[in-house]
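# Structural overview for review
Letter by letter, the chains look like this.
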Amino acid sequence: MRYYLIALLILLSDQTTKWLVEHKMNLYESIPVIDGFFYLTSHRNRGAAFGILQDKIWLFVSITMIVIGFVVYYLWQVKDEKKPWMPTAFSLILGGAAGNLIDRIRLGEVVDFLHFQFGAYQFPIFNLADSSIVVGVFLLVLLTFASPAAEKEPLTKARDTQ
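Calculation notes
Residues numbered from 1 in each chain as written. Predicted model: local features only at pLDDT ≥ 70, side-chain atom pairs only at ≥ 80, totals over all residues. Heavy atoms only, no water. UniProt positions renumbered as here; feature names shortened; annotations may be inferred. Buried < 20%, exposed > 50% of the residue type's maximum accessible area, 1.4 Å probe, protein only. Helix = DSSP H or I, 4+ residues; strand = E, 2+ residues; numbered from the N terminus. Pairing = 2+ DSSP bridges. Contact = heavy atoms within 4.5 Å. Phe/Tyr/Trp six-rings, centres within 6.5 Å; stacked < 30°, edge-to-face > 60°.

In the annotation of an unreviewed UniProt entry, the entry for the protein reads Lipoprotein signal peptidase, and the organism field reads Thermoactinomyces intermedius. Its UniProt record gives the protein a comment under Catalytic activity (unreviewed entry), which states: "Release of signal peptides from bacterial membrane prolipoproteins. Hydrolyzes -Xaa-Yaa-Zaa-|-(S,diacylglyceryl)Cys-, in which Xaa is hydrophobic (preferably Leu), and Yaa (Ala or Ser) and Zaa (Gly or Ala) have small, neutral side chains."

Laid out in structure tokens, this is it:
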């Protein structure tokens, strides 16, 4: 249950910040937080990460719903509270995926606002949901490669022993 609460907190934080950007900033308005490095910039993305596959909204909605279904099923199956990092990673992915899914269904695009600049390089603008997904996936990869070989049992085998 706590993993769903983590996902819910991410979803609420994501949607709250996006609402504030939508209602308190003009589109493309940029507010310096750390001048020359970090800005809040009201931006919209009709594609995926880094703006790829623009206007393929139903492709993203479909894929996201499948991912959410898989993650919910996985979290429902989790019984081992001694190893909370794997389900925590999936909770991060779930909260972020749900946040961007709501935007795509509600607006037909995703609200982005976190804008970093490194000298002349402008990092693509993103949001809290994107951050949550990236951290969750990074954590999954790290846990997968850092786990001892004895712990790398298939999910079904591990579930059958409980």
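### Considering the pairing of strand β2 (residues 38-45)
Of all 8 residues in β2, 6 are buried; the element is thus mostly enclosed. Bridge analysis of strand β1 (residues 30-34) against β2 gives 4 bridges, and the strand direction is antiparallel. Across the sheet, Ser30 pairs through a bridge with Thr41, a residue of β2. Note: β2 against strand β3 (residues 110-118), 6 bridges, orientation antiparallel. Residue pairing for β3: Arg44 is matched across the bridge by Val111.

### Side note on the UniProt feature "active site" (unreviewed entry) in the protein
Under the feature "active site" (unreviewed entry), the UniProt entry names Asp112 and Asp130. A stretch of 19 residues holds the annotated residues, and the largest C-alpha distance among them is 8.9 Å, short enough that they meet in one place. Those residues within four positions of Asp112 in sequence are excluded, and the remaining contacts are Thr41, Ser42, His43, Asn45, Ile125, Phe126, Asn127 and Asp130. Within the fold, Asp130 resides in helix α4 (residues 128-146). Beyond its immediate sequence surroundings of up to four residues, Asp130 is in contact with Asn100 and Asp112.

### Considering the packing of aromatic side chains
Under the defined criterion, the tally for this structure stands at 9 aromatic pairs. Between Phe38 and Phe116, the ring centres sit 4.6 Å apart and the planes meet at 20 degrees, which makes this aromatic pair stacked. Note that Phe38 is positioned in strand β2 and Phe116 in strand β3, a separation of 78 residues in sequence. Its relative accessible area of 15% is what places Phe38 among the buried residues. Taken together, the ring pairs connect Phe37, Phe38, Phe116, Phe118, Tyr121, Phe123 and Phe126 into an aromatic cluster.

### Details of unusual backbone geometry
The phi dihedral of Tyr28 is positive, around 75 degrees, even though this residue is not glycine. Looking at where Tyr28 falls in the secondary structure, it is placed in the loop between α1 (2-24) and β1. With a relative accessible area of 57%, Tyr28 lands in the exposed category.

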